[in-house]
Amino acid sequence: MLRILLIEDQRDIAANIWDYLEHRGFVMDHAGDGALGLRMALEGNYDVIVLDLGLPKLDGLDLCRRLREAQQDVPVLMLTARDTLDDKLEGFAHGADDYLVKPFAMKELEARIRALHRRHRLQQGEVLRVADLALDPANQTVERGGQRLALTRAGFVLLELLMRRSPHLVRHAELAQALWGENGGDIATLHTHLSVLRSVIDRPFDTRLLHTVHGFGYRIAESVDA
Ligand code: CA
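The structure reproduced in this document is the subject of the present report. (Residues numbered from 1 in each chain as written. Predicted model: local features only at pLDDT ≥ 70, side-chain atom pairs only at ≥ 80, totals over all residues. Heavy atoms only, no water.)

## So, the sheet that holds strand β9 (residues 147-149)
Selection rule: Only strands joined by at least two bridges in the DSSP assignment are considered to pair. Only DSSP runs of H or I covering at least 4 residues are called helices, and only runs of E covering at least 2 are called strands; the numbering of each starts at the N terminus. To define axes, lines are fitted to C-alpha atoms, for helices over the stretch in contact only, and angles between the resulting N-to-C directions are given on a 0 to 180 degree scale. Throughout, a contact is declared for two residues whenever any of their heavy atoms are within 4.5 Å.
If you trace the four strands from one edge of the open sheet to the other, you get β6-β7-β8-β9, paired in antiparallel fashion. Two strands lie at the open edges of the sheet, namely β6 (128-130) and β9, each paired on one side alone. Neighbour-to-neighbour, the strand axes of the sheet open up by a mean angle of 25°, direction not taken into account. Across three bridges, strand β8 (residues 141-144) lies against β9 in antiparallel orientation. Pairing of Arg144 across the sheet is with Gln147, part of β9. Those strands touched by helix α6 (residues 153-165) are β6, β7 (133-136) and β8, and its axis lies near 110° from that of β7.

Written as structure tokens, this is what we have:
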């Protein structure tokens, strides 16, 4: 049974969604404004949050951002009345996982909720691998060649982001944001964290996996030019 938090200020829309999903076996909670929605989202143990973009007191994008800042990774499905590319991109930048444009079919809403939940469960149990390096996000462990490695918290955060993007480059700004949020950190400290990370995951081993892309960022990959 999936627990859903519905954050929607329009009573008729909220009632429609509530009735449909409850009838389909979901356990429903509702908040009619953004401030209450955020409080419930932080306290409650929800499987998926259905979040309207335009809300009184705290809008959907801000709510989403604050949820992610609080390290809540519950999947968020954003409802938006405005079908513009900008809104969608903005939603994803703030941590929404999917979106639906109003008006939508209830069947579509249910399908998206179930898909998000499935994806989230898979992600939680997944172990990230690059060559013989393995990172388990759920258990916060890192191994290379079967040998357990001890990382700092910063090292773990950076390595997880790099492995999720592997073999692609992750830019300095994104790495800094993962560590310090939107307003933080200096590049020298970032380089220091990555140098410490390299000494743990690469130095004792034959093949280098962490590559510096000078002036841009870092990437994790089995070969330098993959
Ligand atoms: Ca609204």
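## Notes on the sheet that holds strand β5 (residues 98-101)
Reading across the sheet, the five strands line up as β2-β1-β3-β4-β5 and stay open at both edges, with parallel pairing between neighbours. Pairing within the sheet leaves two strands with one partner each, and these edge strands are β2 (27-31) and β5. On average, each strand axis in the sheet is tilted by 20° relative to the strand beside it, whichever way the strands run. Pairing of strand β1 (residues 3-7) with β2 involves five bridges; the strand directions are parallel.

## A word on the coordination of the calcium ion
To keep things clear, this is the line we draw: Only nitrogen, oxygen and sulfur atoms qualify as donors, provided they sit within 2.8 Å of the metal or within 3.2 Å for Na, K and Ca; with water excluded from the atoms, sites may seem incomplete. Accessibility here uses a 1.4 Å probe with only protein chains present; expressed as a share of the type maximum, an area under 20% marks a residue as buried, one over 50% as exposed, and anything in between as partly exposed.
Protein coordination at the calcium ion: the donors are Asp9 (OD), Asp52 (OD) and Gly54 (O), at 2.1 to 2.3 Å from the metal. On the primary sequence, the residues serving as donors to the calcium ion are separated as D-x42-D-x1-G. In this pair, Asp9 is assigned in the loop between β1 and α1 (11-23) and Asp52 in strand β3 (residues 48-52), connecting sequence segments 43 residues apart. Asp52 gets classed as buried once you look at its relative accessible area, which sits at 4%.

## Observations regarding helix α8 (residues 187-201)
Three or four residues apart is the spacing at which side chains of an α-helix point the same way, because the helix has 3.6 residues per turn. Quick note on the threshold: Multiply 1.5 Å by the residue count of a helix minus one, and that product is the helix's expected span. What the arc measures is the spread of directions leading from the helix axis to the C-beta atoms.
Its 15 residues place the ends of α8 21 Å apart at the C-alpha level, agreeing with the 21 Å of an ideal helix rising 1.5 Å per residue. All buried positions along α8 are accounted for by Leu190, Leu194, Leu197, Arg198 and Ile201. Within α8, the buried residues cover an arc of 100° as seen down the axis, which keeps them to one side.

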